[in-house]
Amino acid sequence: MKLADTLYFASGSLRGSPTRTLLMMLAMSIGVAAVVVLTALGEGARRYVINQFSSLGTNLVIVLPGRSETAGIGAGMMTGQTPRDITLDDAEALLRSTAVKRIAPLTIGSATLSLDALNREVVVLGSTASLLEVRHMAMSIGRFLPPGDIHESASVCVLGIKIKQELFGNNQAVGQWVRLGDRRFRVIGIMSSQGESMGFNTDEVVIVPVASAHQLFNTAGLFRVLIEAKNRDVIEQAKREAEEILFQRHNEKDVTVITQDAVLATFDRILTALTMAVGGIAAISLAVAGVLIMNVMLIAVAQRVKEIGLLKALGAPGRQIRNLFFAEAVLLSGIGSLAGLVLGYAGSMIIGQIYPSLPVSPPWWAVLAACGTALGTGILFSVWPARRAARLDPVAALSGR
Amino acid sequence: MIELQNVSRTFTVGDQQVAALRDINMQLGEGEYLSIMGPSGSGKSTLLNLLGLLDRASAGTYLLDGGNVTDLSDVQQAHVRSQKIGFVFQSFHLVPRLTAAQNIELPMMLAGIPAEERKQRVAELIASYGLSERADHRPDQLSGGQRQRVAIARATVMSPAVLLADEPTGNLDRTTGWEVLKLLEQLTERGITLVIVTHDAEIGARALRQIHMLDGAIISDEKRAL
Ligand SMILES: Nc1ncnc2c1ncn2[C@@H]1O[C@H](COP(=O)(O)OP(=O)(O)OP(=O)(O)O)[C@@H](O)[C@H]1O
Ligand SMILES: [Mg+2]
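The structure presented is a predicted model; accordingly, all values stated were derived computationally and were not measured. (Residues numbered from 1 in each chain as written. Chains lettered and ligands numbered in written order. Predicted model: local features only at pLDDT ≥ 70, side-chain atom pairs only at ≥ 80, totals over all residues. Heavy atoms only, no water.)

Draft legend 1. Molecular detail of the overall build of chain A. Within chain A, the regular secondary structure consists of 13 helices and 12 strands. A compact globule built from 401 residues would reach a C-alpha radius of gyration of about 21 Å, whereas chain A, at 33 Å, exceeds it by more than 25%. Dimensions along the principal axes, computed over C-alpha positions, put chain A at roughly 100 × 50 × 35 Å. Evaluated residue by residue, chain A yields a buried proportion of 49% over its 401 residues. At a minimum sequence separation of 6, the contacts of chain A that also span at least 24 residues come to 80%. (Helix = DSSP H or I, 4+ residues; strand = E, 2+ residues; numbered from the N terminus. Rg over C-alpha atoms; globule rule 2.2 N^0.38 Å. Buried < 20%, exposed > 50% of the residue type's maximum accessible area, 1.4 Å probe, protein only. Contact = heavy atoms within 4.5 Å.)

Draft legend 2. The arrangement of the overall build of chain B in detail. When helices and strands are counted, chain B shows seven helices and 10 strands. Along the first, second and third principal axes, the C-alpha set of chain B runs to 50 × 40 × 40 Å. Look at the contacts in chain B between residues 6 or more apart in sequence, and 69% of them connect residues 24 or more apart. Total accessible area computed for chain B in this model is approximately 10,000 Å², and 47% of it derives from carbon and sulfur atoms. Charged side chains in chain B number 22 positive and 27 negative. The centres of these two groups are separated by 4 Å. (Areas by Shrake-Rupley, 256 points an atom, 1.4 Å probe, with all protein chains shown as cover. Lys, Arg positive; Asp, Glu negative; His and termini not counted. Charge placed at Lys NZ, Arg CZ, Asp CG, Glu CD.)

Draft legend 3. The domain arrangement of chain A, seen in detail. Segmenting chain A into domains produces domain 1 (3–52 + 265–398) and domain 2 (85–253). Spacing between the C-alpha centres of domain 1 of chain A and domain 2 of chain A amounts to 56 Å. (Domains from an automatic or database assignment.)

Draft legend 4. Just the sheet that holds strand β7 (residues 162–166) of chain B, in detail. Residue and element names in this part refer to chain B. What the six strands build is an open sheet, ordered β6-β7-β8-β3-β9-β10; its pairing is mixed. The two strands at the open ends of the sheet, each matched to only one other strand, are β6 (85–88) and β10 (217–223). For this sheet, the mean inter-axis angle between neighbouring strands, taken without regard to orientation, is 15°. The pairing of β6 with β7 spans four bridges and is parallel. (Pairing = 2+ DSSP bridges. Axes fitted to C-alpha atoms, helices over the stretch in contact; angles between N-to-C directions.)

Draft legend 5. Molecular detail of the interface of chain A and chain B. With 25 residues of chain A at the contact, the number on the chain B side is 23 residues. Between chain A and chain B, roughly 2,100 Å² of surface is buried when both sides are summed, and carbon and sulfur atoms account for 65% of that area. The residue A:Asp5 makes a salt bridge to B:Arg118 at a minimum N-O spacing of 2.7 Å. The interface formed by chain A and chain B contains eight residue pairs in polar contact (both at pLDDT 80 or more). For the side of chain A that touches chain B, the secondary structure elements donating two or more residues are α1 (3–16), α10 (305–313), α11 (318–354) and α13 (394–398) of chain A. (Buried area = accessible area lost by both parts, 1.4 Å probe. Salt bridge = Lys/Arg side-chain N within 4 Å of Asp/Glu carboxyl O. Polar contact = N/O pair within 3.5 Å; in protein donor to acceptor, adjacent residues only side chain to side chain.)

Draft legend 6. Region of the structure containing the site of ligand 1. Ligand 1 sits among 13 residues. The nearest are B:Ser40, B:Gly41, B:Lys44, B:Ser45 and B:Thr46. Near ligand 1, the surrounding residues are drawn from chains A and B. For ligand 1, an oxygen atom lies 3.3 Å from a polar atom in the backbone of B:Ser42. Burial of ligand 1 by the protein amounts to 66% of the accessible area it has alone, namely 620 Å². Among the secondary structure elements, those contributing two or more residues to the shell around ligand 1 are β1 (2–13) and α1 (44–51) of chain B. Among the elements that make up the shell around ligand 1, the one with the highest residue count is α1(B) (three residues). Of the residues in the shell around ligand 1, the class split is four nonpolar, seven polar and two charged. (Near = heavy atom within 4 Å. Nonpolar A, V, L, I, M, F, W, Y, C, P; charged D, E, K, R; others polar.)

Draft legend 7. A nonpolar patch on the surface, seen in detail. A cluster of nonpolar residues, A:Met276, A:Trp364, A:Trp365 and A:Leu368, forms a patch on the protein surface that exposes about 490 Å² of accessible area. Relative to the helices and strands, A:Met276 resides in helix α9 (residues 260–303). (Patch = residues over 30% accessible without salt bridge, like charges linked within 9 Å, V, L, I, M, F, W, Y side chains within 5 Å.)

Draft legend 8. Region of the structure containing a positive patch on the surface. Side chains of A:Arg319, A:Arg322, A:Arg387 and A:Arg391 sit close together on the surface and give a patch of like positive charge. Within the secondary structure layout, A:Arg391 lies in the loop between α12 (364–390) and α13.

Draft legend 9. Layout of the sheet that holds strand β5 (residues 67–68) of chain B. Residues and elements named next belong to chain B. The strand order β2-β1-β4-β5 describes an open sheet built from four strands, whose pairing is antiparallel. Lying at the two open borders of the sheet, with one neighbouring strand each, are β2 (16–28) and β5. This element, α1, spans β1, β2 and β4 (59–64) of the sheet and lies at about 120° to β1.

Draft legend 10. Quick look at the packing of α11(A) against α12(A). Residues and elements named next belong to chain A. It is the contact of α11 with α12, at a shortest axis distance of 8 Å, that shows an interaxial angle of 155°. The angle between α11 and α12 falls in the class roughly antiparallel. For the element pair α11 and α12, the recorded crossing hand is right-handed. On α12, the residues touching Gly 318, Ile 321, Arg 322, Phe 325, Phe 326, Ala 329, Val 330, Ser 333, Gly 334, Ser 337, Leu 341 and Tyr 345 of α11 are Val 367, Cys 371, Ala 374, Leu 375, Gly 378, Ile 379, Ser 382, Val 383, Ala 386, Arg 387, Ala 389 and Ala 390. Within the contact of α11 with α12, the residues separate by chemical class into 16 nonpolar, six polar and two charged. (Parallel < 35°, antiparallel > 145°, perpendicular 65-115°, else oblique. Left-handed = near helix turned anticlockwise from the far one by under 90°.)

Draft legend 11. Main features of a negative patch on the surface. Where like charges cluster on the molecular surface, the negative patch consists of A:Asp89, A:Glu92, A:Asp149 and A:Glu152. Note that A:Glu152 resides in the loop between β4 (139–142) and β5 (156–159).

Draft legend 12. Seen up close, unusual backbone geometry. Residue and element names in this part refer to chain B. Despite not being glycine, Asn 6 shows a phi value in the positive range, around 50°. Along the chain, Asn 6 falls in strand β1. By relative accessible area, which is 43% here, Asn 6 ends up partly exposed. Here the phi dihedral of Phe 92 falls at roughly 65°; this positive angle occurs in a residue that is not glycine. The topology assignment puts Phe 92 in the loop between β6 and α3 (100–110).

Draft legend 13. Quick look at the nonpolar core. Core analysis: the biggest nonpolar cluster contains 72 residues, and B:Leu47 and B:Leu106 have the highest contact counts within it. With eight residues, α11(A) is the single largest residue contributor to this core. Setting aside residues up to four positions removed in sequence, B:Leu106 forms contacts with A:Phe9, A:Leu310, A:Leu311, A:Leu314, B:Val95 and B:Leu98. (Core = buried A, V, L, I, M, F, W, Y, C linked by side-chain atoms within 4.5 Å.)

Draft legend 14. Quick peek at the packing of aromatic side chains. Across all of its chains, the model carries one aromatic pair over all chains by this definition. A ring pair is formed by B:Phe87 and B:Phe89, whose centres lie 5.8 Å apart and whose planes are at 10°; its orientation type is stacked. Sitting above the plane of the A:Phe9 ring, B:Arg97 keeps its charged end 5.0 Å from the centroid. (Phe/Tyr/Trp six-rings, centres within 6.5 Å; stacked < 30°, edge-to-face > 60°. Lys NZ or Arg CZ within 6 Å of the ring centre and 35° of its normal.)

Written as structure tokens, this is what we have:
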């Protein structure tokens, strides 16, 4: 029997019982659609997180105070010491590394910002002129912090766009004086809107020179030092040299240096695993659909015993009968998975419309896996019914016994 | 062209042995017209199924066209059925979702014959069996006589050497039954070997050779004078 004829005959028997066929395809397509949509969501979450990280800056190496021991108890914990501060001089020393392009020290605190009678609590970032480039930020009006001596505590500040709106409304802000804590600062620029990034809204911060922030919060220690490596290839070198430089200066390892890549890779791994897990759970519904196919196929064999007997009498060997039932299973799961793909992509698009910030698109491997599983279970679960049909005794089958 | 030597067939029911055929010996020549008669349960259908290679003998030898087909594998048996044997059943056994033409085409499709050739052959048969107006009708839209004519067309579409009919008129009224019988008899004029199993003595008497069976054995084998 020719392949085309086999498929034609099989599709004929499927059309012969349309309700049953449609229900089976529905089960298949729901399974495939579930895999597609769920993995699209997982993949979307992964890309979202990675985008968020990338918007922090490129080729970033981050220095933070304190030794983070991943195994066991750190030295500081044993002796009860707090880790040594990272000072501004430490930060400047990092520039000695040839792998470092620029650095931006970072101090964080909160203070009361007031203008005349208006006041509100704000997050204050202390940094240098480099922060603008390192963190990929952009100005709306005016200038960013002036370059110059890292120790100079100029009384200038840059406002986030939202703070500016709250304090000044539509009035001119640049050139005005505001009060931050007990000190007066002149507004020299307004950041452009960047929205939330890693739970940290740059629209709602006030940025001052790092030395001024240290005076404001009465501290000498930095919260972070952001290092931008010269290029991707020297990120590891920058990390190593930063560790060496600070070790020489502190005579002990009391800082942690992490690369953005490492953090990213961790998130990437976690979220990919999550996506696969979710996809795997959805694939279980495909297996359920497979059992359904087997059940319905067994019923079909029972219902068509006479037909099978006839085909044998007309000269069809068992192998041909088996192929006919296989073809039915392949058609069912094939068309079912196509419908599921359409459903799944439509579903992903709808989710994309509802959450525009989530880049939902099903990963190719999930699409392949879903269709493969659908076809695989369809064929696997039809092996038994097809064999049963192929082995029917023609005389008994013809008499319907 | 057909020869059975000491063929018997026993069925095992529970722990009992039921002998459906006992030590059958017979020869059948090309173009012969044979009827098999006998009471219910005498083994007529069992004999016909054996002749049609749908069943296997428990003992004995079956020669078809000079070759021994007793111990052929299932696949080889299926091939012989496809090429040399046509069946006509009491209950027609048409595939309900296929049209008359598609039912007739079925054996050729299973045999892997190209579509153009199939279409041509089916068209010929449909015309010669007077089914032209019914070609695209499904079995449930046909009368009993028309269904049996479709079944006969299907049985002959591969030009078999032997046509085996088990009570071909059993589900038809008298007149239609006679028409169908005439159709089958015409086939013998073209050299087909025809074997008809029947209860009806009048129908059986039309065959040139008649076999009577009882309890799985042939009790008489007579040739009628022309
Ligand atoms: N599959 C089977 N299992 C057990 N016994 C069987 C089987 N098929 C036939 N028999 C027995 O073999 C004997 C012959 O059966 P067969 O069907 O050949 O009779 P028949 O002459 O065709 O009868 P009828 O005229 O009623 O069709 C019967 O006794 C029957 O019970
Ligand atoms: Mg019978």
